[in-house]
Protein chains: 2
Amino acid sequence: MKKVVTAQQVAKHAGVSPTTVSFVMNNVEKANISEATRQKVLNAAADLGYVPHALAKSLAKGRSNNIGLFLIQPHEQIFADPYIPNIITGIRNAIQVDQFRILVEQVRSPQDTETMLTMLKSGEIAGAIVTHNIWGQDNIKSLYGLPIVSLVPIDDDNMYFVAINQNEGVKKLVDHIIDLKRMPIGVITYAPLDGDNIKSRLMTFRKRLAQSDVSLDQKNIVEGAYHPESGYAAMELLLTKCPDISVVYCMNDMMAVGALAYLNQNGIGVPDDIALVGYDDIRVSAYLNPPLTTVRAPEITLGESAGELLLTLINNTPPDRNHIYLPTELIIRQSCGSKI
Amino acid sequence: MKKVVTAQQVAKHAGVSPTTVSFVMNNVEKANISEATRQKVLNAAADLGYVPHALAKSLAKGRSNNIGLFLIQPHEQIFADPYIPNIITGIRNAIQVDQFRILVEQVRSPQDTETMLTMLKSGEIAGAIVTHNIWGQDNIKSLYGLPIVSLVPIDDDNMYFVAINQNEGVKKLVDHIIDLKRMPIGVITYAPLDGDNIKSRLMTFRKRLAQSDVSLDQKNIVEGAYHPESGYAAMELLLTKCPDISVVYCMNDMMAVGALAYLNQNGIGVPDDIALVGYDDIRVSAYLNPPLTTVRAPEITLGESAGELLLTLINNTPPDRNHIYLPTELIIRQSCGSKI
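Source: prediction; values computed, not measured. (Residues numbered from 1 in each chain as written. Chains lettered and ligands numbered in written order. Predicted model: local features only at pLDDT ≥ 70, side-chain atom pairs only at ≥ 80, totals over all residues. Heavy atoms only, no water.)

A. View of the packing of helix H10 (residues 228-241) of chain B against helix H11 (residues 253-265) of chain B. Residue and element names in this part refer to chain B. Contact geometry for H10 and H11: axes closest at 6 Å, N-to-C directions at 55°. Our classification of the angle between H10 and H11 gives oblique. Note on packing geometry: the crossing formed by H10 with H11 is right-handed. Only Met254, Met255, Val257, Gly258, Ala259, Ala261, Tyr262, Leu263 and Gln265 of H11 make contact with H10, whose side of the interface consists of Pro228, Ser230, Gly231, Tyr232, Met235, Glu236 and Leu239. When the residues that make up the contact of H10 with H11 are grouped by side-chain class, the tally is 11 nonpolar, 4 polar and 1 charged. (Axes fitted to C-alpha atoms, helices over the stretch in contact; angles between N-to-C directions. Helix = DSSP H or I, 4+ residues; strand = E, 2+ residues; numbered from the N terminus. Parallel < 35°, antiparallel > 145°, perpendicular 65-115°, else oblique. Left-handed = near helix turned anticlockwise from the far one by under 90°. Contact = heavy atoms within 4.5 Å. Nonpolar A, V, L, I, M, F, W, Y, C, P; charged D, E, K, R; others polar.)

Below is the structure:
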C-alpha cells in the first residue's frame, strides 16, 4: 500500500518548517506567510500528493462529520425487510446538506450501549440515532443531554424521539377487520425480537378488538419470525389449530408473503376463504396475488425527521418538540375482500 | 447539549499537568508516573466523566477504524432491492473481528470519487469498497496501490475486485431457457443505471442464444426500471409488441414480481401461457404464485469476501489473488414450467 504523505515530508520538500506547512494548508491568516512561501508549500503539497489529515482537521474543528446509526436488532433481522434500508435512505436525505456521513453500528445487548456513549463522548460521532429503546429507567439517565434520537417512543421528556404511531396504525387496521365482519380472527406475530414495539402492537390489537366486543382466541395467535418462510409455516400451523379461521392479521408484510403462498399452494382462496392483512406496505405488497391490504408506515420520512431532529441537537438549537409521532395509512387492496 | 470534558479540565481537577493526564490515559510507560499520581488522574477522569478523544487516539494510532462503502448508484435504486443491505451484512461479518465500522457514502458522479480519494489519503477511512467501476482507463491509475476493493470486475491487474460471475449465471439461465424450447423470447431489462454490469449481462444473454442459433428479436427487449411497477408496465408493453411471447427473462426479481402480477391479473397463465425467469433470488421469490425460477447470486458472501480482501490490503498483507469471482446458482422453481 502507498504510504500517506506527511506534513513533515511537504516541509522538507518545500524547505520550510512543518508549522509553516500547517499554517498554509489551514489558511491561518494571522501567520503572515509571504505569497512566495505559500506557493512553495502548495507546490510541494501538489507534487507529493499531500492531503491534510482528516482526523487532525476534525480534531481542530472539534466535531466529527459522522453520525452513528445504532441498530438494536438480531443480526438476521436487520436487513430481512426494507425497514433499515428505508431509514438509512431517509437519514441520508436529511443529513447530506450538512455533509454528514452515516456510521452503521450494531448493538447486540444493552451492555453494548457503552460503545455508543464512548463514541459520542469521545467525539467519534457527532450524534446518534437508535432504532430501539433498550435502556431501563435508571440507565436512561446517563443519556440525558446527549444528541441521541430514538426511532421508538421513550416515555421521558429528557429524551428525543421520532416514531411511527404504530398504535394508531393498528387501530385503523382493527377497525377495518371488524368492518369485514369475519370470524374467527387469527394473528401471525413474531417473537419479541424488537421487544416493546411488537408487544405493544399486539396489545393494541387485542384491546381495540375487546372494546368492540370482538373476541380473539389465544390459540389463534401463532408466532412467526418476520420472514416469508416463517409466515408460510405459521399459516399452516394456524389452520391446524383453527381450520375455520376467516381473517388473518400478519404483523409484517414479509410473513404475509409466506402465508399467502401457503394459501395459494393449497387452493385456499384469498380473500374468499380467508382474508389476509399485513403491516408495512413493502415494495412487493401491491404486486402479490391478490394484492395485500396493509398499513403503510412512512419509514423514509421517519429517517428524514430523525436526521433533522438530530441536526438541531448537534447544532445546539432547541428543537420545537422532543417527541414526534408520524401517522400511518391504511392501504386497502384485494386480500381483505373489502369492496374498493 | 453536554460539553465534552477536556484533558485540561481533568488536569486542573487532579492538580497535575495536561501532559501527565495524556501520559496516564494513554498508558505511556516510559513517562514514569508514580502510582499515586496515576490514581489521582484516573479518579479525576472518572469524576468528570472524561473520555480520551477518539480522533486524537486514531491520530496517534495513525489509522482510522472506519472503512468506506461507496455506493455508485442512483439514489432510488440503492435500497430498491436487497443487494446493498446484503452487501452491508456481508462486509460487517468480515470486518467486525477487527472492530472496523462501515461508513456508507453515495457517489453521484465520477467526479465524486475525489471525495473517496481524499477520505483515503487523509486517513478518514482505512480502506474503501466500491460497488461499481466508473473510472476510465486513465483515471484508474490514480487508484493504484490504495486499499480499494471493487464489487465488479476491473480488467486491470493493479486493481482488486471480488465480483459475482454474472456472465456464468446468465449462461446457465440461457441454457435453461433453450432447454424449455419456447419461442419467441422476451427480455425485460433495465436502463444502464449500473452501466457495464447490466449491458454485459444482456450481451452475454444475446451471445449465448446466438451460439445455439436461437434468435432474439430486438423489439422483444423492453426496458423497465428495476422495481415492480416497471416490471408490470414492461410486461404490458411487451405483450403489445409481441402478443405470442412465450418465455420472458426479467433481469431482476423485483421486476419479475411486477411482470407476474400483470400476468396473474390478466388471466395469463404462468408457466402455461408464458414462462417467466428472474435474476437475484430475493427473499420473496420462492413465495410468489407460482414460485420464481431465478439465479441466486451470493451477495452476502460477496460482501464477506470483499471485506476480507480489504482487511488484507489494510494490514499490508499481500492477498492470494487480486481478482476473485464468485459462482452463481440456477434455482429452478415452477414459473419456468420446467419439470422439477
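B. Structural context of the pairing of strand E8 (residues 247-250) of chain B. Residue and element names in this part refer to chain B. Neither face of E8 is open: one carries Val247 and Tyr249, the other Val248 and Cys250, and all of them are buried. For strand E6 (residues 185-190) and E8, the ladder comprises 4 bridges, and the chain directions are parallel. If you follow Ile185 over to E8, its bridge partner there is Val247. With 3 bridges joining them, E8 and strand E9 (residues 275-277) adopt parallel strand pairing. Residue pairing in the sheet places Val247 in a bridge with Ala275 of E9. For the crossover from E8 across H11 to E9, the handedness is right-handed. (Buried < 20%, exposed > 50% of the residue type's maximum accessible area, 1.4 Å probe, protein only. Pairing = 2+ DSSP bridges. Right-handed = clockwise from strand over helix to strand, strands pointing away.)

C. The arrangement of helix H1 (residues 7-14) of chain B in detail. All names here are of chain B. All of the buried residues in H1 are Ala7, Val10, Ala11 and Ala14. Take H1 and look down its axis: the buried residues cluster within an arc of 100°, on one side only. Seen from the buried face of H1, the exposed residues on the opposite side, beyond 90 degrees, are Gln8 and Lys12. Those residues of H1 hidden inside the fold are in contact with helix H2 (18-25) and helix H3 (35-48). Remark: Gly15 follows H1 within two positions and exhibits a positive phi of approximately 70°. (Arc of directions from axis to C-beta.)

D. Local environment of the environment of Asp217(A). Structurally, Asp217(A) is set in the loop between helix H9 (196-211) and strand E7 (221-224). Put simply, Asp217(A) and Ile185(A) are 32 residues apart on the chain and 7.8 Å apart in space, counted from C-alpha to C-alpha.

E. Representation of the nonpolar core in the model. Formed by 100 residues in total, the largest nonpolar core has its most connected members in Phe205(A), Met235(A), Tyr249(A), Phe205(B), Met235(B) and Tyr249(B). Listed in part, the 58 residues of the second largest apolar core include Ile88(A), Tyr160(A), Leu309(B) and Leu311(B). (Core = buried A, V, L, I, M, F, W, Y, C linked by side-chain atoms within 4.5 Å.)

F. Here's a closer look at the pattern of salt bridges. This model, assessed by the stated rule, comprises 20 salt bridges over all chains. With a closest N to O distance of 3.5 Å, Asp217(B) and Lys219(B) form a salt bridge. The network of salt bridges with shared partners includes Asp281(A), Arg296(A), Glu329(A) and Arg333(A). (Salt bridge = Lys/Arg side-chain N within 4 Å of Asp/Glu carboxyl O.)

G. Spotlight on the sheet that holds strand E2 (residues 101-106) of chain B. With mixed pairing, the 12 strands of this open sheet are ordered in space as E11(A)-E5(A)-E4(A)-E3(A)-E1(A)-E2(A)-E2(B)-E1(B)-E3(B)-E4(B)-E5(B)-E11(B). Every other strand in the sheet has two partners, leaving strand E11 (323-326) of chain A together with strand E11 (323-326) of chain B as the edge strands with one partner each. Neighbour-to-neighbour, the strand axes of the sheet open up by a mean angle of 20°, direction not taken into account. Here strand E4 (residues 148-150) of chain B pairs with strand E5 (residues 160-164) of chain B via 2 bridges, running parallel. For Val149(B), the partnering residue across the bridge sits in E5(B) and is Tyr160(B).

H. Examining the sheet that holds strand E7 (residues 221-224) of chain B more closely. Residue and element names in this part refer to chain B. An order of E7-E6-E8-E9 is seen for the 4 strands of this open sheet, with the pairing classed as parallel. In this open sheet, the two edge strands, each paired with only one partner strand, are E7 and E9. Each neighbouring strand pair of the sheet contributes to a mean axis angle of 20°, computed without reference to strand direction. On the sheet, H10 packs against E6, E7, E8 and E9 and is oriented at approximately 155° with respect to E7. Those strands touched by H11 are E6, E7, E8 and E9, and its axis lies near 130° from that of E6.

Everything listed here is a matter of geometry and, on its own, says nothing about what the molecule does.
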